[in-house]
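An overview of the molecular structure
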Amino acid sequence: MSTGTELKQGIREHLGQFSLHILLVFATGLTIGSERAVVPVLGRDVLGVESLFVIGSFVVSFGFVKAILNLYAGKWGGEYGRKPVLVLGWATALPLPLILIFAPSWGWITLGNILLGVNQALTWSMAINAKIDLAGPDQRGLAVGIDEAFGYSGVAVGAWITGVIAGQFSLRPEPFYFLAVVVVLAFLIAIFLIEETVQYAQLEVDDEDHHDANLPFVEVLKRATYGDRTLFAAAQAGHIEKFVDTLYWLAVPLYLTSEGVGIASVGFIVGVHSAMYFLQIATGGLADRIGRRPPVIAGMFLTAAGVLGMVLFEGYLLWVVLSAVSGLGMALLYPNLMTVPGDAAHPTWRATGMGVYRMWRDSGYGIGAILIGLTMEFANVEAAFYMTAILMFVSGVVVYIWMEETHPEFGTHEPPAPAEPSV
């Protein structure tokens, strides 16, 4: 390409814009983290919701909306550029603090989480695609690791700060004043400081046509869902690991408060789990050296063990440690699962392929919230932990059997047959 002599990829070469995208993904994490410790308890103790399944409805609405928008965010990001989609995502979040502050009933919280789902899908999808655009193939794992590390550090900090604020003042409105400041600042940064990055992805397109280039949307959807066994293994693992995220958002605060733990301490325990995601800086870079498959497999089983331990053992310090164990497992698997479709996709449809993976992954929020909510409603809260741990173990076995290595230099994965040319 002619632009190849003018444009160059690399994190160091684009440190300013890369850093701004780190700041924005941190803000994305703060936004969702601001709900983690406070909102389930708000529903039970302030809005008078007695059904644990109904409380889970706000995660269901979030999960399905985010899943669907993930699919189209990647498509839109490829067609219109990363920046317009990013700005739209932050604009969608502007009403959220007001809804959380003034909601007279739980239905309004569920409605607010539809907006949160749109925000998270559009902003996080564009954050990761922009970083991959700027970093290039040699630093792809590191870029994903940095993105997820700072995003989930934002989740941890948001949960901790709002938990502290709620403990010092009340469950609302004070915690959501903090959320309002985050959303407004992120919206302004996206508009005035972020630059377009889609042109850097084009640098990875070979001059000679390739049979995998320019797949139509439907073909990408088929390929990334069931047409490639490795991508299927990654997608199902991503789907199931979101059960863990949902558990920490929904069941863990309810379980810990029922065990007599104060809301500020709950925020800390939940925050520790998310804080371990910061290690994705190391685990993403590690996967650039040893491959994606080993840390994914280790992470699936380690997370299952941490979740199971939360109900097998009691005590504040043990809960903190086990929260960290499951968080470490997630740090190992999370960025490297996402790098798999990034490796396997042709640059011409990478954003769409990543969107398909993220759709299946984040639909785990919705399905997980339904199953966890029903389990809590008709069995007990502890049963939700057992169910999640078992599913993580089974999913890890599927990864071990089916997922091939996709590392660009020494991976064993090959695309499944030449794609039929589009008419």
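Residues numbered from 1 in each chain as written. Predicted model: local features only at pLDDT ≥ 70, side-chain atom pairs only at ≥ 80, totals over all residues. Heavy atoms only, no water.

1. Observations concerning the overall build of the chain
Of regular secondary structure, the chain possesses 18 helices and 0 strands. Compactness check: the chain gives a C-alpha radius of gyration of 20 Å against a globular reference of 22 Å for 423 residues, within 12% of the reference. The C-alpha extent of the chain, read off along each of the three principal axes, is 65 × 45 × 40 Å. Put simply, of all contacts in the chain between residues at least 6 apart along the chain, 87% involve residues at least 24 apart. Working note: accessible area of the chain is about 15600 Å², and carbon and sulfur atoms make up 67% of it. Separation between the mean location of the 21 positive side-chain charges and that of the 35 negative ones in the chain comes to 2 Å. (Helix = DSSP H or I, 4+ residues; strand = E, 2+ residues; numbered from the N terminus. Rg over C-alpha atoms; globule rule 2.2 N^0.38 Å. Contact = heavy atoms within 4.5 Å. Areas by Shrake-Rupley, 256 points an atom, 1.4 Å probe, with all protein chains shown as cover. Lys, Arg positive; Asp, Glu negative; His and termini not counted. Charge placed at Lys NZ, Arg CZ, Asp CG, Glu CD.)

2. Quick notes on helix α17 (residues 350-378)
A rise of 1.5 Å per residue sets the reference length of α17, with its 29 residues, at 42 Å; its end C-alpha atoms lie 42 Å apart and thus fit the reference within 8%. At Ile367, α17 shows its maximal kink, close to 25°. The buried fraction of α17 is high, at 22 of 29 residues. (Expected span 1.5 Å × (residues − 1). Bend = angle between axes of the 7 residues up to and from the residue. Buried < 20%, exposed > 50% of the residue type's maximum accessible area, 1.4 Å probe, protein only.)

3. Some remarks on the pattern of salt bridges
Scanning the model with the defined rule gives 11 salt bridges in all. Asp362 is the partner of Lys242 in a salt bridge, and the nearest nitrogen-oxygen pair spans 3.9 Å. Taken together, the residues Lys242 in helix α12 (residues 229-258) and Asp362 in helix α17 connect sequence positions 120 residues apart. In this structure, the salt-bridge partner of Asp343 is Arg292, at a minimum N-O distance of 2.7 Å. Here the residue Asp343 occupies a position in helix α16 (residues 316-344), and Arg292 occupies one in the loop between α14 (280-290) and α15 (293-312), the gap between them amounting to 51 residues. In this pair, the class of Asp343 matches that of Arg292, namely buried. Connected through salt bridges with shared partners, the residues Lys66, Lys242, Asp245, Arg361 and Asp362 form a single ionic network. (Salt bridge = Lys/Arg side-chain N within 4 Å of Asp/Glu carboxyl O.)

4. Re the packing of aromatic side chains
Within this structure, the stated rule accounts for 14 aromatic pairs. Members of the aromatic cluster, each reached through a chain of ring pairs, are Trp124, Tyr152, Tyr277 and Tyr334. (Phe/Tyr/Trp six-rings, centres within 6.5 Å; stacked < 30°, edge-to-face > 60°.)

5. Things to note about the side chain of Asp362
Its relative accessible area of 0% is what places Asp362 among the buried residues. Look past the residues within four positions of Asp362 in its chain and what remains in contact with it is Gly63, Lys66, Ala67, Asn70 and Lys242.

6. Some words on the confidence of the model for the chain
On average, residues of the chain score 87 in pLDDT, and 95% of them are at 70 or above. Of all helices and strands in the chain, the one with the weakest mean pLDDT is helix α3 (residues 52-55) (77), whereas helix α9 (residues 174-192) scores best (97). When the criterion is pLDDT under 50, residues 1-5 qualifies, and its contacts beyond four places in sequence or with other chains add up to 5 contacts. (pLDDT = per-residue confidence, 0-100.)

7. Points about the environment of Lys66
Following the sequence through the fold, Lys66 ends up in helix α4 (residues 57-80). Under the relative-accessibility criterion, Lys66 is labelled buried at 3%. Lys66 has contacts with Gly117, Gln120, Ala121, Arg358, Arg361, Asp362 and Tyr365, leaving out every residue within four places of it along the chain.

8. Quick look at the nonpolar core
Ranked by size, the top nonpolar core spans 119 residues in total, and within it Phe58, Trp90, Ile109, Met376 and Phe385 carry the most contacts. With 16 residues, the top contributor of residues to this core is α12. Other than its neighbours up to four places away in sequence, Phe385 contacts Leu247, Ala251, Val252, Tyr255, Val307, Met310 and Val311. One finds Ile22, Leu134, Ala143 and Tyr200 within the second-largest nonpolar core, a separate group that totals 8 residues. (Core = buried A, V, L, I, M, F, W, Y, C linked by side-chain atoms within 4.5 Å.)

9. A word on the packing of helix α1 (residues 15-36) against α12
It is the contact of α1 with α12, at a shortest axis distance of 10 Å, that shows an interaxial angle of 30°. For the element pair α1 / α12, the angle class is roughly parallel. Along its contact with α1, which presents Ile32, Glu35 and Arg36, the element α12 presents Asp245, Trp249 and Pro253. Grouping the constituent residues of the contact of α1 with α12 by class yields 3 nonpolar, no polar and 3 charged. (Axes fitted to C-alpha atoms, helices over the stretch in contact; angles between N-to-C directions. Parallel < 35°, antiparallel > 145°, perpendicular 65-115°, else oblique. Nonpolar A, V, L, I, M, F, W, Y, C, P; charged D, E, K, R; others polar.)

10. Looking at the side chain of Gln17
For Gln17, the position within the fold is in helix α1. Look at Gln17 and you get buried, because its relative accessible area is 13%.

11. Section: a nonpolar patch on the surface
Taken together, the side chains of Phe232, Leu312, Phe313, Leu318, Tyr386, Ile390, Phe393, Val394, Val397, Tyr400, Ile401 and Trp402 define a hydrophobic patch exposed on the protein surface, amounting to about 1100 Å² of accessible area. Examining the composition of the nonpolar patch, we find that 8 residues originate from one element, helix α18 (residues 381-402), more than from any other. Considering the arrangement of structural elements, one finds Phe393 in helix α18. (Patch = residues over 30% accessible without salt bridge, like charges linked within 9 Å, V, L, I, M, F, W, Y side chains within 5 Å.)

12. What to know about α16
In a regular helix each residue adds 1.5 Å, so 29 residues correspond to 42 Å; α16 covers 43 Å between its end C-alpha atoms and thus fits that length. Taking burial as the measure, the 29 residues of α16 include 23 buried ones, the bulk of the element.

13. Description of the environment of Leu52
One can find Leu52 in helix α3. When the C-alpha atoms of Leu52 and Phe410 are compared, they prove to be 48 Å apart, with 358 residues separating the residues in sequence. Filtering out sequence-adjacent residues up to four positions away, Leu52 remains in contact with Leu254, Met376, Glu377 and Val381.

14. Describing the packing of α17 against α18
Contact pair α17 / α18: the axes reach a minimum separation of 7 Å and the direction vectors enclose 140°. It follows that α17 is oblique to α18 by the angle criterion. Regarding α17 and α18, the two cross each other, and that crossing is right-handed. Across the interface between the two elements, Leu371, Ile372, Thr375 and Met376 from α17 touch Val381, Ala383, Ala384, Met387 and Thr388 from α18. (Left-handed = near helix turned anticlockwise from the far one by under 90°.)

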